[in-house]
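Architecture at a glance
Take a look at the letters that make up each chain.
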Amino acid sequence: MKAKKTILGDGFCVLGYAISLAWKLRKSYLLLRMLIALTEVLGTFWEIYFLRLLVKDFVDTADTGPIVADVGFLVAGGLVFQSVHIVCSWMASTGYVKLCDNFTLRSLGKKMRVKYACLEDPAVLDQIKNLWCMNGIVSGSIEQLCFFLSGLLVFMGSLAILSSLNGFVVFLFAAITVVNSYVTRRGIENANKIDMEKAPCERKLDYYTGRSMSVEDGKEIRVFHLRDYFLGKIRAFRGLLLGYEDQKTRQKTKMESIVAITNGAQLFFLYLYAAYGFLQKRILIADLFLYIATVEKLGSSFERMIVAFQGIAAQREQIDRLERYLRIPEENYSDAPAKVQEVTVLEFRNVSFRYPGSERFVLQNVNLKMHKGEKISVVGKNGAGKSTFIKLVCRLYEPTEGAILLNGKDIREYSFNEYLEQIGTVFQDYRLIPFRIRDNLQLDRKKEEEFLLQCLEKADVRKTVDSLEAGLDTYLGKGTGYQGIDLSGGERQKLAIGRMYAKGARILILDEATASVDPISEDMIFSNMNREKTAEIVIYVSHRLSNARKSDKIIFIDRNQVAEYGTHDELMARAGGYAALFKMQEQYYARVD
């Protein structure tokens, strides 16, 4: 969109965008809204014409026939137009819901395609929050367009009827309407500005409200007496939002007061002039009724036309925000079948990463190769960069410098879903969906029950699932409404490991995946993992260095760099940072070879 903005340019720009988008999302809604506008215009002039005819026949003739006919046409036409309006409005209301649904689904689809790193940017999160304030922007613009068109047609017809009046009166009417249009536009612009300013506050309020109502946070809230803390935050942000709403209310009241006064003055002078013409016998009584009705329609239609167009133009900023949201970088998705037949090597070549806007590298100059058949452990202190390393492998982040190669090919040359088809993960902050256990394992891919049970066996959780009355069809979480159950943290973590197996990926990644699992189960899970034949590369992240001994290679990350890389024996012989950490933990355990 052009940087230079005018009310006409803004209005036509928004209209073009909204009509184009509405045509793609829901053509019938656009057509129905146009039909509703047309019935309003025809109904208006039908009423004006037959009211004048009725008064004229009543004055000019004593015959009741024409009067009855006039009444009949007036009522019948009104009923027809009203019926068409009601039916079309009913159909349009359904279309409105579907249009908003289509817009919401399209927006959500965009959010789930956005590069993951963008979702950690507060500015992007504010854009997403603003998006829900714009959910009705397309339908609203179409509705305003119909108001504008109907107002324009009524205005032009009314102006033609009043053309016999004094030109000064018409000029006075136009001047007052211009003042009203300016005041209304400023009010709409200020309201939109306030809506955009309060978006970060609304997002934070939603965050604290959601956390305060979360079952998962319920334990900490009670044990650590966080009730007053959360309520304080919620009150503070609600207070800020009330301040924004108060600003909007005061500005709206001021705007409506000015418009009401000028409208009153406008109607007063127009009615006065029409009455004066009647008393001077320049206007017939039938024409007096016609002018009075037309004056009212002229004023309301012009105001409706201007307000509608200004309402459309004032949405320019929202349209710009919507376009900025739609321009947020997306992953390279493709429905093409995966071309990767096997994973032979995954290589980091001079890889460095830093967050956008930051000068500090989280990882720097990483060079290493992970070959087919290897089990790799990634270890290091908190904040060393282990999770960033995993997100780079998963392509949730892209290297700031260097490249990651799969089978010698830059992973960015694969489509996003083609590459992720090779990745199975259990993240440190994994999530299970509140559906059946079966759904959590297979997700959108139908799997044989025996295969799912084998995956649970590898994750050492099959016995737990078999003991449940509904087995794989048991719902997780008591908030589902399906008599769900709450599993322990360790059992939930095992289900997440089972889900990783069910994907059948070639590269498996476990980021603190057994942190809540007991030592016996953990040993069984790692033993099963080391015997896994379908996985071609396995990457562990764990603070329990006893597990690292079972790996083929160990990556020790320190101070945002891969400080050491080799086998357990090689790193112990080097007597560096890894050896120091291992010996620190070893003293608490009896050494078992």
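Residues numbered from 1 in each chain as written. Predicted model: local features only at pLDDT ≥ 70, side-chain atom pairs only at ≥ 80, totals over all residues. Heavy atoms only, no water.

Moving on: the overall build of the chain. Assigned secondary structure in the chain consists of 21 helices and 10 strands. Across the 593 residues of the chain, 43% fall into the buried class. Once local pairs closer than 6 in sequence are excluded, the contacts in the chain between residues at least 24 apart make up 75%. Summing over all exposed atoms, the chain offers an accessible surface of approximately 31,400 Å²; the carbon and sulfur share of this is 58%. (Helix = DSSP H or I, 4+ residues; strand = E, 2+ residues; numbered from the N terminus. Buried < 20%, exposed > 50% of the residue type's maximum accessible area, 1.4 Å probe, protein only. Contact = heavy atoms within 4.5 Å. Areas by Shrake-Rupley, 256 points an atom, 1.4 Å probe, with all protein chains shown as cover.)

Attention now goes to the layout of surface pockets. For the largest pocket, the calculated volume is near 2,000 Å³. Within the residue set of the lining of the largest pocket, elements represented by two or more residues are α3 (64–113), α4 (122–133), α12 (386–393), α13 (416–420), β6 (423–426), α14 (437–442) and α17 (489–503). Examining the composition of the lining of the largest pocket, we find that 5 residues originate from one element, α17, more than from any other. Its residues assigned to classes, the lining of the largest pocket shows 24 nonpolar, 6 polar and 16 charged. (1 Å grid on protein atoms, 1.4 Å probe; cavity = no way out; pocket = protein on both sides within 12 Å on 5 of 7 lines; lining within 4 Å. Points joined across faces, edges and corners; volume = space filled by probe spheres on them. Nonpolar A, V, L, I, M, F, W, Y, C, P; charged D, E, K, R; others polar.)

What follows is about empty space enclosed by the protein. Tallied over the full model, the rule gives 4 cavities of 30 Å³ or more. Around the largest cavity, the lining residues are Leu21, Phe103, Arg106, Ser107, Leu322, Tyr325 and Leu326. Going through the elements one at a time, α3 and α11 (316–326) are the ones with two or more residues in the lining of the largest cavity. The residue inventory of the lining of the largest cavity, partitioned by class, reads 5 nonpolar, 1 polar and 1 charged. Considering only enclosed or pocket space, the second largest cavity measures out at about 50 Å³ in volume. If you go around the second largest cavity, the residues you meet are Leu510, Glu512, Ala513, Thr514, Phe526, Tyr540, Val541 and Ser542. For the lining of the second largest cavity, a count of residues per class yields 5 nonpolar, 2 polar and 1 charged.

Let us now look at the sheet that holds strand β5 (residues 409–410). The 4 strands lie next to each other as β2-β1-β4-β5, forming an open sheet whose pairing is antiparallel. Two strands bound the open sheet, and with one partner strand each, they are β2 (363–371) and β5. Here strand β4 (residues 401–406) pairs with β5 via 2 bridges, running antiparallel. Note that in β5 the partner of Leu406 across the bridge is Lys409. (Pairing = 2+ DSSP bridges.)

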